[in-house]
Amino acid sequence: MAASMKQMVLSQHKVRSRDITGDPADHAQWVKRSAARAHMRGAGFKDEDFAKPLIAVVVPYSNILPCNNHFRELGELVMDEIEKRGGRGFLCGTPVVSDGETMGFRGMKYSLISRDWVADCVEIMCEAYAADGVLSLGGCDKTVPGVVMPMARLDSIGLSLYGGTILPGATAGISQKLDAQVIMEAIGSYGVGLIDIEELHRIECSAIPGSGSCGGMFTANTMASVIEALGMALPGTSSRAAVTPSNSLTEQKKSDCRLTVQHLFSLMESQTSTRDIMTKKAFENAVTVMYALGGSTNGVIHLLALAQETEINLTIEDFNRIGDQVPLIGNLRPHGKYHMADLAEIGGLPVKAFVCLVFFFFLVSCCILAGGDEGAAQSWLAPWRVLHSHWTNC
């Protein structure tokens, strides 16, 4: 063994990947793994990289859909931060199927099944390369649960990071903010003669202004909120916009990349795995958030799938039990007026802030009913219109 290898000290975070790159303390095993290291050297690995933990960076990238077309840039930021913290990242790709693009023709048959293919792709890469940790990007809706399911299945050490919500669009002559819902309704409006082909074209060209997942409480934003409530994403990261109006990554999303890597290393330090986080109570919190925000009913099938991977007994009856107790607070598209980016402006989804908001609105209702100053209360509540009018119009 070369002298430099004899002196190598493996990172304390390098637990699983010793199996693939070898451990200098075990001479026979180190020799046996020479061929694996030779191939890795061909891919750019250096001597020092074999002492580092291997971290799978799951990047479900494609340039055909806005939800994930900025993921190469996010992936590079994550990889750079992993290197800065003493790790060695390796990229994992997955399929990505957009409901918004494939619905209405045979392509839609591949949407739901793609979730399980995403999960299998992540499992294959994490197990084949003995990943010490996993950081998964999620965007278009099947990738959000799909990249977390294998973490639960394998009880990996990992975190997910949402690629971010899309900003609403705008066009001349239409006062409302535009989104995926508006273009779909515009097709119907044209079909019955309420708008002409020129207006339909203007909406088509403006409804989706840049990168990010559909801006209302559709499936992607619902599942991003659910994953955050489960504890598998950092607080606040699910509601932030993906890009600026000029279609560049937001500084917040760049910061999300850095902080998620930082916290992944903390989990590796403490050896806190996915099933330590995704408990039955965490699932109940996630269901509560889904109801309170008026999330997509698709969240039911995805949460049940996540629970099955975690070996948690979650049933339809749990949804009914929790839903009977939870008020609809989110005034969000498609049933409401506002977008996910608006929710981010009032603090996003962090549980403490969310609970405080719920408690506050109950207090305001009681104060007003008790003879408080309704005008003052309404003025104070103005920034919170993103929450449902039942609570803001006390």
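Right above here is the structure, for reference.
Residues numbered from 1 in each chain as written. Predicted model: local features only at pLDDT ≥ 70, side-chain atom pairs only at ≥ 80, totals over all residues. Heavy atoms only, no water.

**Notes on the overall build of the protein chain**
The helix and strand tally for the protein chain stands at 21 helices and six strands. Classification of the 394 residues of the protein chain by burial places 54% in the buried group. Look at the contacts in the protein chain between residues 6 or more apart in sequence, and 74% of them connect residues 24 or more apart. For the protein chain, the computed accessible surface area is about 17,700 Å², with 56% contributed by carbon and sulfur atoms. (Helix = DSSP H or I, 4+ residues; strand = E, 2+ residues; numbered from the N terminus. Buried < 20%, exposed > 50% of the residue type's maximum accessible area, 1.4 Å probe, protein only. Contact = heavy atoms within 4.5 Å. Areas by Shrake-Rupley, 256 points an atom, 1.4 Å probe, with all protein chains shown as cover.)

**A closer look at unusual backbone geometry**
A cis amide bond links R333 with the next residue in sequence, P334, at an omega value of 10 degrees. Relative to the helices and strands, P334 resides in the loop between α17 (316–323) and α18 (340–345). One non-glycine residue, A130, adopts positive backbone phi at about 50 degrees. Following the sequence through the fold, A130 ends up in the loop between α7 (111–128) and β3 (133–138). For A130, a relative accessible area of 8% gives the class buried.

**Brief notes about the packing of helix α5 (residues 71–84) against helix α13 (residues 251–270)**
Orientation of α5 relative to α13, taken along the N-to-C sense of each, is 40 degrees, at an axis distance of 9 Å. Taken together, the axes of α5 and α13 are oblique relative to one another. Regarding α5 and α13, the two cross each other, and that crossing is right-handed. Touching L74, L77, V78, E81 and I82 of α5 are K253, K254, C257, R258, V261 and F265, all from α13. When grouped by side-chain class, the residues that make up the contact of α5 with α13 number seven nonpolar, no polar and four charged. (Axes fitted to C-alpha atoms, helices over the stretch in contact; angles between N-to-C directions. Parallel < 35°, antiparallel > 145°, perpendicular 65-115°, else oblique. Left-handed = near helix turned anticlockwise from the far one by under 90°. Nonpolar A, V, L, I, M, F, W, Y, C, P; charged D, E, K, R; others polar.)

**Quick word on the pairing of strand β1 (residues 54–58)**
For β1, a buried count of five out of five residues is recorded, marking the element as mostly surrounded by other parts of the structure. Judged by which residues are buried, β1 turns out to be covered on both faces: L54, A56 and V58 on one side and I55 and V57 on the other are all buried. Across five bridges, the pairing between β1 and strand β2 (residues 88–92) is parallel. Looking at β2, one finds that V58 is bridged to C92. In this structure, β1 lies alongside β3, joined through four bridges in parallel fashion. Along β3, the bridge assignment pairs V57 with L135. (Pairing = 2+ DSSP bridges.)

**A word on the nonpolar core**
Judged by nonpolar contacts, the single largest core of 86 residues is most densely connected at I227, L230, M278, F283, L303 and L306. Once you skip the residues sitting within four places of it in the chain, F283 turns out to touch L230, M278, L303, L306, A307, T310, I312 and L314. If you look at the next biggest cluster of nonpolar residues, it comprises nine residues, including I183, I195, I203 and A207. (Core = buried A, V, L, I, M, F, W, Y, C linked by side-chain atoms within 4.5 Å.)

**Concerning the packing of aromatic side chains**
Throughout the structure, instances matching the rule amount to two aromatic pairs. The positively charged end of R37 is found above the aromatic ring belonging to W30, 3.6 Å away from the centroid. In this arrangement the basic side chain of R88 is found over the ring face of F45, its NZ or CZ atom lying 3.8 Å from the centre. (Phe/Tyr/Trp six-rings, centres within 6.5 Å; stacked < 30°, edge-to-face > 60°. Lys NZ or Arg CZ within 6 Å of the ring centre and 35° of its normal.)

**Here we look at the state of the cysteines**
By the definition in use, this model includes zero disulfides. Counting only cysteine sulfurs, C126 is the nearest neighbor of C92, a cysteine outside any disulfide, at a range of 5.4 Å. Judged by relative accessible area, which is 3%, C126 ranks as buried. (Disulfide = S-S within 2.5 Å.)

**Let's talk about a nonpolar patch on the surface**
Taken together, the side chains of Y110, I113 and W117 present a nonpolar region at the surface, about 380 Å² in accessible area. Among the structural elements, I113 can be located in helix α7. Residue class for I113 comes out partly exposed when judged on its relative accessible area of 46%. (Patch = residues over 30% accessible without salt bridge, like charges linked within 9 Å, V, L, I, M, F, W, Y side chains within 5 Å. Salt bridge = Lys/Arg side-chain N within 4 Å of Asp/Glu carboxyl O.)

**Some details on the packing of helix α12 (residues 219–230) against helix α16 (residues 298–310)**
Relative to each other, α12 and α16 sit at 40 degrees, their axes nearing to 10 Å. Compared by their axis directions, α12 and α16 come out oblique. Pair α12 / α16 crosses with right-handed handedness. Contacts between α12 and α16 involve T219, M223, V226, I227 and L230 from the first element and N298, G299, H302, L303 and L306 from the second. In the contact of α12 with α16, the residues fall into six nonpolar, four polar and no charged.

**Some details on the layout of surface pockets**
For the largest pocket, the calculated volume is near 630 Å³. Around the largest pocket, the lining comprises 31 residues; the ones closest to its centre are G100, M103, A180, M184 and C214. Only α6 (99–102), α10 (180–191) and α12 provide two or more residues apiece to the lining of the largest pocket. With five residues, α10 is the largest single contributor of residues to the lining of the largest pocket. Considered class by class, the residues forming the lining of the largest pocket number 17 nonpolar, 10 polar and four charged. (1 Å grid on protein atoms, 1.4 Å probe; cavity = no way out; pocket = protein on both sides within 12 Å on 5 of 7 lines; lining within 4 Å. Points joined across faces, edges and corners; volume = space filled by probe spheres on them.)

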